[in-house]
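Chain by chain, the residues run as shown.
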Amino acid sequence: MALLKTLPSSLHKNSLFTKLLTGFIMIITLLFSFNFFSFPYFSRNVQKEIIVNNQQNLSATVERYENHILIVKGAITRLFSNEKVVLMNELGNGTRFDPVNQIVDEIKSILSNDLLYLDNIVLQFRKNGFIIDKNGTSTTGKYFTKNYASKDYGIEFWEEQLELAYPMKIGKRSEFIDKFNGRSNGSFIPIIFKNDSNAQLFIAVFLDPVKMHNAFHNSNQNRFYVINDDKLPLFASLPEPVPDFPLLTEMETYIQDDDLYYFYKKGALTGLTYLAVIPNGNIAAQVSRIISILVVFLVAAVVLSVVISVVFSIKFNNPIRKMMQALQRFHPVGPLSSNIREYNFLYDNIKRMIRINREIHTDLDQKKRQLKNLHYLYKLKKINNNLDSDDEAFQPFYLIVFQLAMTPRYYQLVASEQDRASYFIKEFVSIALADKFADSVTMQIEQDQILSLVFADNNQAERLMETLHELKRVFDQDEEYCYLTIAMRPQLCHPAEFAEAYGETSAMVHRRKPKRRTQIIAQMPHEPKDASFTPAEEQQFLVQLQAGNRKIALELVSSILNRMNKNEATAGQYVEFAKEIIAKSLKTLTALELDISMVLELNAPYLRIKECLTPDEFEDFCKWFLTEALLMIQDRQDGIDPVKQFMTEYLHEHCDEDLSLEMMAGKINMSANYFSKYFKEKIGMNFTEYLTELRIRKAKNLLVESDQKIQHIAEQVGYVNVNSFIRMFKKVTGTTPGEYKRIHQLGR
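This structure is a prediction, so every number in the text was calculated from the model and none was measured. (Residues numbered from 1 in each chain as written. Predicted model: local features only at pLDDT ≥ 70, side-chain atom pairs only at ≥ 80, totals over all residues. Heavy atoms only, no water.)

Here we come to the nonpolar core. Counting residues in hydrophobic clusters, the biggest one holds 47 residues, and the most contacted among them are I76, L118, I121, L123, I132 and Y274. Looking at this core element by element, the count peaks at ten residues for helix α3 (residues 16–80). Contact partners of I132, with chain neighbours within four places excluded, come to V100, I103, V104, I107, I121, V122, L123, F125 and T137. (Core = buried A, V, L, I, M, F, W, Y, C linked by side-chain atoms within 4.5 Å. Buried < 20%, exposed > 50% of the residue type's maximum accessible area, 1.4 Å probe, protein only. Helix = DSSP H or I, 4+ residues; strand = E, 2+ residues; numbered from the N terminus. Contact = heavy atoms within 4.5 Å.)

In structure tokens form, the structure reads like this:
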């Protein structure tokens, strides 16, 4: 009623109400006319849109499948370069428990990710035909005929794969039976991965296609198939036979045949064809339903538009004008001063949208910078991507690499502080360069490496070098924690030369001087060619290493390092020489059948190399590692087992403490299972029996030679509970501690 009373005063031809109402009615009439006359056209094209929607749904499903297989491939590729896998491949047997257990742990770690939908991972080694999976080791014949037997994949199939050359093969879905337990492992798709760098083995994964389909398919893809190039189905979502679909050509993405639509797409990574079969009736029903809904919405929209037009035309006066002013200025001025809650709500939301719009613009600017960083990171890693990246849109730039070398003081920091320090260094470099060169891009591509691109011209090279020297003066004040090697390519780079320029600057970093100070390298330094073993020195070193002659071997290494220092060898050459010492030592220890795991795990030699920055530090490292290896060789030659000696001495000295098998295994860097077997092999009895016998023997001496109470003696031999001590003593000796003491007193 209040609105109706305001109508007479609002019907003036120049009033805001009349103009707003007339405008609303014209818009409503226009929209209604447009929708009315466009319905015939829409009804013809809505079916096409539904078809496009089905194509997009299938494309999304294919992308999920392909990305999932790519993720699985990435996880498996890391296994090929795993040190333990490479070691087992070279040894050719599965009897080395410690490497096998570590490989099994790595497999279980991958399988623990339920989103990979993997049942098992199998490493098939050519040498001696043995395999490793999540349950341990087995032979090829036993595994694929008993543990994972399949009518589609016999033993001949798996043996044949060792002879074939391909990066990846995807088999059809098949049921795998565990004949030992008389049960089915499940129905899986086997995928076989191979690697050129390690052609003596392949890795097979058993992928659960049902779980993948449930996770990745869209609701309208009930009849979904995965087909290879021979039109053979690898997977079908329904148990019914695969329909006899027409020939699929690469030029089309769907085919209509009778009452069925065949939507298909080929995967870029796998080359498989993904097929979704949808009855024509489903699409026709969707079209009819959508048209009916749109008609209802159109009628409702017209009615509601007329009503709302009248109401809004009356109420839209000063509040609307103020809102428009706020939008025009993009800055709200004061409160709305309206008693209508809806207007206040709209005005508040306009203010909020203005604020959000500013935040979005700020965020978009940041995202653009991140996208630009990602573009260059992709080019650096040579990854194909779908980012719009026209190299011509980017101007030439100077490429700068900041390589961080951390000191022992840095590694004393907790992990969070280390990450924070690396982040602050990157941010400092970014801010310092952006202050002088506004369009510079700085990104952290590794934990110890920062990359900067400075967009400039040839006339600004000197200015850029001055900025780098200013950075160096700042970093010189933090030499207690880290040193930087700043390598700058002196020529401007075109975007197409990005990867080549990065390789050149990385090589410049590799040739830094082996000194503890921040260095700027703007030209490729000279690198001497005689910075390692000569053939004669290498032969002599190997002979002395195998013989365990520590003095001569260390003198030879010192001589080579002195020569490298004299010839001004680069830091990269020192690193390569240190790695060569490790490799030759490990190879010799392996040939002598010595356990190299203790040497590898002892202070992580490859990590310690990163802490070496000067020739003296590299020499100390080489002598330390070589001494550890030579001591093992000497002990072997002298018939001394240092591990056994340590175990027995430690147990004798600490038998009164709370000891466990797991604790002892941790002290010598072994797994509990491996330590248990090793202990029994070396001592002749298991760990618990030996510790019990040692404690009871000590208790006998205390009972005979002292007047202490039984409770005190129990504590001295490692028993907190005196009743437990009495029971164990009687079990071992046949008498209680009190009876044992009285018998020996009577004997005396």
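The next point concerns the pairing of strand β10 (residues 254–257). Two strands pair when backbone bridges link them, and β10 and strand β11 (residues 260–266) are joined in this way by four bridges, in the antiparallel orientation. Within β11, the position partnered with D257 by the bridge is L260. (Pairing = 2+ DSSP bridges.)

Let's shift gears to the packing of helix α4 (residues 83–91) against helix α5 (residues 97–111). Two quantities define a packed helix pair, namely the angle between the axes and the distance from one axis to the other. Packing of α4 against α5 leaves a shortest axis separation of 9 Å and a crossing angle of 135 degrees. Considered as vectors, α4 and α5 are oriented oblique to each other. Crossing of α4 over α5 shows left-handed handedness. Contact with α4, carried on its side by K84, V85, L87 and M88, involves P99, V100, Q102 and I103 of α5 and no other residues of that element. Its residues placed into classes, the contact of α4 with α5 shows six nonpolar, one polar and one charged. (Axes fitted to C-alpha atoms, helices over the stretch in contact; angles between N-to-C directions. Parallel < 35°, antiparallel > 145°, perpendicular 65-115°, else oblique. Left-handed = near helix turned anticlockwise from the far one by under 90°. Nonpolar A, V, L, I, M, F, W, Y, C, P; charged D, E, K, R; others polar.)

A few words now on helix α25 (residues 687–705). For α25, with 19 residues, the first-to-last C-alpha span of 27 Å sits near the 27 Å given by 1.5 Å per residue. Those residues of α25 that sit buried are F687, Y690, L691, T692, L694, R695, I696, A699, L702 and L703. Put simply, N686 is the residue that caps the front of α25, since its side-chain oxygen is 3.3 Å from the backbone nitrogen of T688. (Expected span 1.5 Å × (residues − 1). Polar contact = N/O pair within 3.5 Å; in protein donor to acceptor, adjacent residues only side chain to side chain.)

Time to look at empty space enclosed by the protein. Tallied over the entire structure, the rule returns one cavity of 30 Å³ or more. If you add up the space inside the largest cavity, you get close to 110 Å³. Taken together, 13 residues line the largest cavity, and the ones lying closest to its centre are Y65, I189, L207, M212 and V226. Those elements that provide at least two residues to the lining of the largest cavity are α3, β6 (183–193), α8 (209–216) and β9 (233–236). Along the lines of polarity and charge, the residues of the lining of the largest cavity split into 13 nonpolar, no polar and no charged. (1 Å grid on protein atoms, 1.4 Å probe; cavity = no way out; pocket = protein on both sides within 12 Å on 5 of 7 lines; lining within 4 Å. Points joined across faces, edges and corners; volume = space filled by probe spheres on them.)

The strand order across the open sheet built from five strands is β14-β15-β13-β16-β17, with neighbouring strands paired in mixed fashion. Two strands in the sheet have a free side with no partner beyond their single neighbour: β14 (441–446) and β17 (519–521). Each strand axis lies, on average, 20 degrees off the axis of its neighbour in the sheet, ignoring direction. Where strand β13 (residues 397–406) meets strand β15 (residues 449–455), seven bridges bridge the pair, whose relative direction is antiparallel. Within β15, the position partnered with Y398 by the bridge is V454. Against the sheet, helix α15 (residues 498–510) makes contact with β13, β14, β15, β16 (482–488) and β17, and its axis sits at roughly 40 degrees relative to β13, the strand it touches most.

Backbone geometry at Y117 places phi at a positive 55 degrees, although glycine is not the residue there. Mapped onto the elements, Y117 comes out in the loop between α5 and β1 (118–125). For E568, which is not a glycine, the phi torsion comes out positive at approximately 60 degrees. Mapped onto the secondary structure, E568 falls in the loop between α17 (550–566) and α18 (571–591). Owing to a relative accessible area of 61%, E568 belongs among the exposed residues under this scheme.

Another point: the packing of α25 against helix α27 (residues 722–733). Closest axis-to-axis distance for the α25/α27 pair is 11 Å, and the angle between their directions is 95 degrees. Taken together, the axes of α25 and α27 are roughly perpendicular relative to one another. Together, T692, I696, A699, K700 and L703 of α25 and F725, M728, F729, V732 and T733 of α27 make up the contact between the two elements. Residue composition of the contact of α25 with α27, by class: seven nonpolar, two polar and one charged.

This brings us to the pattern of salt bridges. Throughout the structure, instances matching the rule amount to 13 salt bridges. For R183, the salt bridge goes to D178, with nearest N and O atoms at 3.8 Å. Classification of R183 as partly exposed rests on a relative accessible area of 45%. Exposure remark for D178: the relative accessible area of 7% places this residue in the buried category. Across the salt bridge formed by K623 and E619, the nearest N and O atoms sit 3.1 Å from each other. (Salt bridge = Lys/Arg side-chain N within 4 Å of Asp/Glu carboxyl O.)

Within the element layout of this structure, N567 appears in the loop between α17 and α18. Accessibility expressed as a relative area gives 28% for N567, which makes it partly exposed. Between the C-alpha atom of N567 and that of K529, which follows or precedes it by 38 residues, the distance is 9.3 Å.

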